[in-house]
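Below, each chain spelled out in residue letters.
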Amino acid sequence: MPGQTTSSTLQVVDYDSNWPRIFLQLKDWIWPSVSDVAIAIEHVGSTSVPGMAAKPVIDMDIVTASRTELPAILLRLGRLGYRHRGDLGIEDREAFIAPENQPFHHLYVCVQNSLALKNHIAVRDYLRTHLSDAVAYSTVKKGLAEQFGSERARYVEAKTDFILSILERCAFSEKELHSIKRANQI
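As the structure is a prediction and not an experimental result, all values here were calculated from the model.

What follows is about the packing of helix α4 (residues 131-148) against helix α5 (residues 152-169). Orientation of α4 relative to α5, taken along the N-to-C sense of each, is 165°, at an axis distance of 8 Å. Taken together, the axes of α4 and α5 lie roughly antiparallel to each other. For the pair α4 and α5, the crossing hand works out as right-handed. Listed contacts from α5 to Asp133, Ala136, Tyr137, Val140, Lys141, Leu144, Ala145 and Phe148 of α4 are Arg154, Tyr155, Ala158, Lys159, Phe162, Ile163 and Arg169. The residue inventory of the contact of α4 with α5, partitioned by class, reads ten nonpolar, no polar and five charged.

Here it is, written out as structure tokens:
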């Protein structure tokens, strides 16, 4: 997984036991730059669930206490080579393009207790403790990747109902579920 990829075809692969190590490598590289303005760096997404199939992309959330830390984080991540993409329509979550000299990953800055962060953590923690659902979600993701090829937006939208079913079991409110569904629609 070294370097960024330019392929636009969706690829969902079987679990790679190197993913946690790659996350720790990235975390150890980023953390010194943000440790005084961030609370934590979380490994989220399917690569954070042992045994689960995923796109071979590490998803990471830098957690901050509030948006007031964002200017400092933007500056420091910029020095590391990250490019800010904005919130991409998700409140209290800022997205970044990773430097090309690092393993391929998605980096987000999420405000503590925000819906975006709660969503990422709840899905991760649920799937880590419900193996049969992780296996089912792996199957769904592989099928959708084959079905939609390079249509990422359709892939994301198509897997949303599965995610929402998990979040319902995690006691997310109707308002929260609606907001997440709306964010994942084309």
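Taken as a whole and assessed by the stated rule, the structure comprises three aromatic pairs. Ring geometry for tyrosine 15 versus tryptophan 19: centroids 5.4 Å apart, planes at 85°, classification edge-to-face. Consider the rings of tryptophan 29 and tyrosine 82, whose centres lie 5.8 Å apart with planes at 40°: the pair is tilted. Pair noted here: tryptophan 29 is in helix α1 (residues 19-34) and tyrosine 82 is in the loop between α2 (70-79) and β3 (83-86), with a separation of 53 residues, a long-range link. By relative accessible area, tryptophan 29 is classed as partly exposed at 27%. For lysine 118, the ring lying beneath its charged end belongs to phenylalanine 172, and the centroid distance is 5.5 Å.

What counts, and where the lines are drawn
- Residues numbered from 1 in each chain as written.
- Predicted model: local features only at pLDDT ≥ 70, side-chain atom pairs only at ≥ 80, totals over all residues.
- Heavy atoms only, no water.
- Axes fitted to C-alpha atoms, helices over the stretch in contact; angles between N-to-C directions.
- Helix = DSSP H or I, 4+ residues; strand = E, 2+ residues; numbered from the N terminus.
- Parallel < 35°, antiparallel > 145°, perpendicular 65-115°, else oblique.
- Left-handed = near helix turned anticlockwise from the far one by under 90°.
- Contact = heavy atoms within 4.5 Å.
- Nonpolar A, V, L, I, M, F, W, Y, C, P; charged D, E, K, R; others polar.
- Phe/Tyr/Trp six-rings, centres within 6.5 Å; stacked < 30°, edge-to-face > 60°.
- Buried < 20%, exposed > 50% of the residue type's maximum accessible area, 1.4 Å probe, protein only.
- Lys NZ or Arg CZ within 6 Å of the ring centre and 35° of its normal.

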